[in-house]
Amino acid sequence: MVGNTKVGSDTICALATPPGVGGLAVVRVSGPKAFEMCDLFFQGGVRIPHAEGHTIHYGWWIIENQRVDSATASIFRAPHSYTGEDVVEIGCHGGVFVVEQITTSLLSSGVRLAQPGEFTRRAFINGKLDLTQAEAVADLIHAESRVGAQTAARQLSGGFTARLANLRQGLLDVIGLLELELDFSEEDVEFVDRTTLLRTLSEIISDIDATAATAHSAEVLRAGFHVAVVGYPNVGKSSLFNALLQRDRAIVSDVPGTTRDYLSEVIFLDGYSIHLVDTAGLRSTEDQVELQGIALTTSLIEQSDLIMVVNDASLGRDHSVSLLMDLKGRFTDIPTVTIQNKIDLIPGYDANLDTDDIVCSAQTGKGLDGLRGYLLEAVRVSTSGVSDVLINARQAHLLRSAAESLRSARSGVEGGLTGDLLAVDIRSAIRLLGDIAGESWNPDVLESVFSRFCIGK
Ligand SMILES: Nc1nc2c(ncn2[C@@H]2O[C@H](COP(=O)(O)OP(=O)(O)OP(=O)(O)O)[C@@H](O)[C@H]2O)c(=O)[nH]1
Ligand SMILES: [Mg+2]
């Protein structure tokens, strides 16, 4: 049981392709009556209930003797389908009207409209996917970067699941030996050499810690790398924003305080998505609208992965240093970079003096390749730890708790605790690791995992 929905008890359907006009659309039907219900409307070479699994049939969707569309029916027999149930995927011509006719005919015959993520939820409950794989499906659909999509695909294929299983097996082996000790407790033997045990625990702890630590990198791959473009008014933030976007998105003018609301746009560099946020120039002002813009800038900076401080180099290299220092002090965890802009105004500018800064002109385009290269490198560095899984908040929390239990077990070993007491902490770590893949789950967990899905998935 999941919530009030009894899994597999009813037959569900939904458009599995994006809504709107397109060449093709697919309506997916899953559940015990999938074949029977589709057979009411589909007329092809064979009757659907008699069709073999993994076959496709051409025919017509017919409602009350009216041909609605020529269609194909792809047959998947339980358990060999995405959901593990009987599934029919009806391929028809893409278009709002046809799809609506097909779904309405099914709904009027007792098929229910699927909730968001319900197909994948059924797949999970029927053991076709574990929870990390289900999460990978959502990540794959929403992936903003090529690397993110590739990682989600690896997660979907079960790489992470296998790694978790390995960790758990290692711990289960230890538990087995510790429990043997219990049986022989009279004789005071130690089946598990304590030095080896300490080493094993430490290895597993660092493996878990390292994986949990990739949560931020995973978020960058999932949602993009966020760069806040900040600086004093009129230094050329919006000009730089436009130059990187290669179009005139933001208003540029020589009046300080031009940008008030923020603007956010995405650029792609080598398969990574980078969200650039142009912000209101920071200065002390009495203007209420501008003040609101400045307040907004602060909250935008908090959510960014890099602060790009734009300086008007024609006013001096160090013109923005106090702003930079202020930002570094307030946002200690976020890296900063200074962009020396408007160098076209300074003939003979010696770029070699700016070892850490990027030197460019938003107006002439000079130095912009260097800036793009810098951004790309920054994304690469921030995502380098990710291999086979896009750790999300749920998984990171469970991993950290598991590592905590193992740390407590490790202190126990150091303090000379007996095997049965050590086993308690190790067992709790095993359970937490199991929860990542969804071995024991409750409706709330499933609710939050599947709420990220769209209808039809
Ligand atoms: N010569 C030169 N002028 C520039 C350059 N970049 C921007 N400007 C000019 O500087 C002025 C301000 O540019 P904006 O891009 O609006 O500056 P901003 O930092 O967004 O300003 P606010 O939104 O008011 O904070 C405009 O007149 C731009 O044309 C540059 O690289 N070289
Ligand atoms: Mg601006």
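Computed from a prediction, not measured in an experiment: that's the story for all the values here. (Residues numbered from 1 in each chain as written. Chains lettered and ligands numbered in written order. Predicted model: local features only at pLDDT ≥ 70, side-chain atom pairs only at ≥ 80, totals over all residues. Heavy atoms only, no water.)

### Focus: the overall build of the chain
Let me state the cut-off plainly: Starting at the N terminus, helices and strands are each numbered in turn, a helix being any DSSP run of H or I of at least four residues and a strand any DSSP run of E of at least two. Both definitions apply: the radius of gyration is a C-alpha atom measure, and the globule rule equals 2.2 Å times residues to the power 0.38. Here's how the labels work: a residue is buried when its accessible area is under 20% of the maximum for its type, exposed when over 50%, partly exposed in between, all with a 1.4 Å probe on protein chains only. Residue contacts follow a heavy-atom distance rule, with two residues in contact if any of their heavy atoms lie within 4.5 Å.
Within the chain, the secondary structure is distributed over 15 helices and 13 strands. Computed over its C-alpha atoms, the radius of gyration of the chain comes to 29 Å, more than 25% above the 23 Å expected for a compact globule of 457 residues. When its C-alpha atoms are laid out on the principal axes, the chain stretches across 85 × 80 × 40 Å. Considering the chain as a whole, with its 457 residues, one finds that 49% of them fall into the buried category. Contacts spanning at least 24 positions in sequence make up 66% of the contacts within the chain whose residues lie at least 6 apart.

### Looking at the coordination of the magnesium ion (ligand 2)
Where we set the bar: Excluding water, the donors of a metal are its N, O and S neighbours within 2.8 Å, or within 3.2 Å for Na, K and Ca, and that exclusion means sites may look incomplete.
The coordination sphere of the magnesium ion (ligand 2), as far as protein atoms go, consists of S238 (OG) and T259 (OG1), spread over 1.9 to 2.1 Å. Taken together, the residues S238 in helix α9 (residues 237-245) and T259 in the loop between α9 and β9 (263-269) connect sequence positions 21 residues apart. As far as the burial class goes, S238 and T259 line up, both buried.

### Digging into the environment of T383
Tracing the backbone shows T383 in helix α12 (residues 368-383). Under the relative-accessibility criterion, T383 is labelled buried at 6%. Taking the C-alpha atoms as reference points, T383 and L300, 83 residues apart in sequence, are found 21 Å from one another. For T383, the residues in contact, after removing those within four places along its chain, are S217, V220, L221 and Y272.

### Description of the site of ligand 1
This is how it is decided: If a single non-hydrogen atom of a residue is within 4 Å of a molecule or strand, that residue counts as near it. By the criterion applied in these results, polar contacts are pairs of N or O atoms within 3.5 Å in which, for protein atoms, one can donate a hydrogen and the other can accept it, and in which residues neighboring in sequence qualify only through two side-chain atoms. To measure how exposed things are, a 1.4 Å probe is used in the Shrake-Rupley method; for residues, cover is taken only from the protein chains shown. In this classification, Asp, Glu, Lys and Arg are treated as charged, Ala, Val, Leu, Ile, Met, Phe, Trp, Tyr, Cys and Pro as nonpolar, and every other residue, Gly included, as polar.
The immediate surroundings of ligand 1 are formed by 23 residues, with K237, S239, G257, T258 and D344 found nearest. For ligand 1, an oxygen atom lies 3.2 Å from a polar atom in the backbone of V235. Residue A362 places a main-chain N or O atom 3.0 Å away from an oxygen atom belonging to ligand 1. Burial of ligand 1 by the protein chains amounts to 91% of its free accessible area of 640 Å². A class-by-class count of the residues in the shell around ligand 1 yields 7 nonpolar, 12 polar and 4 charged.

### Some points on the sheet that holds strand β1 (residues 12-15)
Stated precisely, the cut-off is as follows: The rule for pairing is simple: two strands pair if DSSP sees at least two bridges between them. Lines are fitted to the C-alpha atoms to define the axes, a helix being fitted only along its stretch in contact, and any angle between axes, read from their N-to-C directions, falls within 0 to 180 degrees.
Taken in spatial order, the 7 strands of this open sheet run β3-β4-β5-β6-β2-β1-β7, and their pairing is mixed. Of all the strands in the sheet, just β3 (42-44) and β7 (112-113) have a single pairing partner and so form its edges. Relative to β7, β1 runs parallel, the two sharing 2 bridges. Bridge assignment links I12 to a residue of β7, and that residue is R112. On the sheet, helix α3 (residues 118-125) packs against β1, β2 (24-30) and β7 and is oriented at approximately 135° with respect to β1.

### A short note on the pairing of strand β8 (residues 225-231)
Here β8 lies mainly inside the structure; 6 of its 7 residues are buried. Bridge count for β8 against strand β10 (residues 272-278) is 5 bridges, and the pairing is parallel. Bridge pairing in β10 places V227 opposite L276. Where β8 lies against strand β11 (residues 306-312), 5 bridges are found, and the strand directions are parallel. In the sheet register, G231 faces β11, and the bridge partner there is V310.

### Here's the deal with the pattern of salt bridges
Heads up, the rule is: Salt-bridge detection follows one rule: a side-chain nitrogen of Lys or Arg within 4 Å of a carboxyl oxygen of Asp or Glu.
The tally for this structure, following the rule as stated, stands at 24 salt bridges. One salt bridge connects R112 with E118, and the closest N-O pair in it is separated by 2.7 Å. Take R112: its relative accessible area is 24%, and that puts it in the partly exposed class. Residues K342 and D312 are paired through a salt bridge, measuring 3.3 Å at the closest nitrogen-oxygen approach. On the criterion of sequence distance, the pair formed by K342 in the loop between β12 (336-341) and β13 (358-359) and D312 in strand β11 is long-range, its members being 30 residues apart. Through salt bridges that share partners, D10, E85, R112, E118 and R122 make up one connected network.

### Re unusual backbone geometry
Trans peptide bonds make up most of the peptide bonds, and negative phi angles are found at most residues other than glycine. Each neighbour pair has its own omega, and for A78 with P79 the value is 0°, a cis peptide bond. Within the secondary structure, P79 sits in the loop between β5 (66-76) and β6 (87-93). Of note, the phi angle at D270 is positive, near 50°, even though the residue is not glycine. Relative to the elements of secondary structure, D270 occurs in the loop between β9 and β10.

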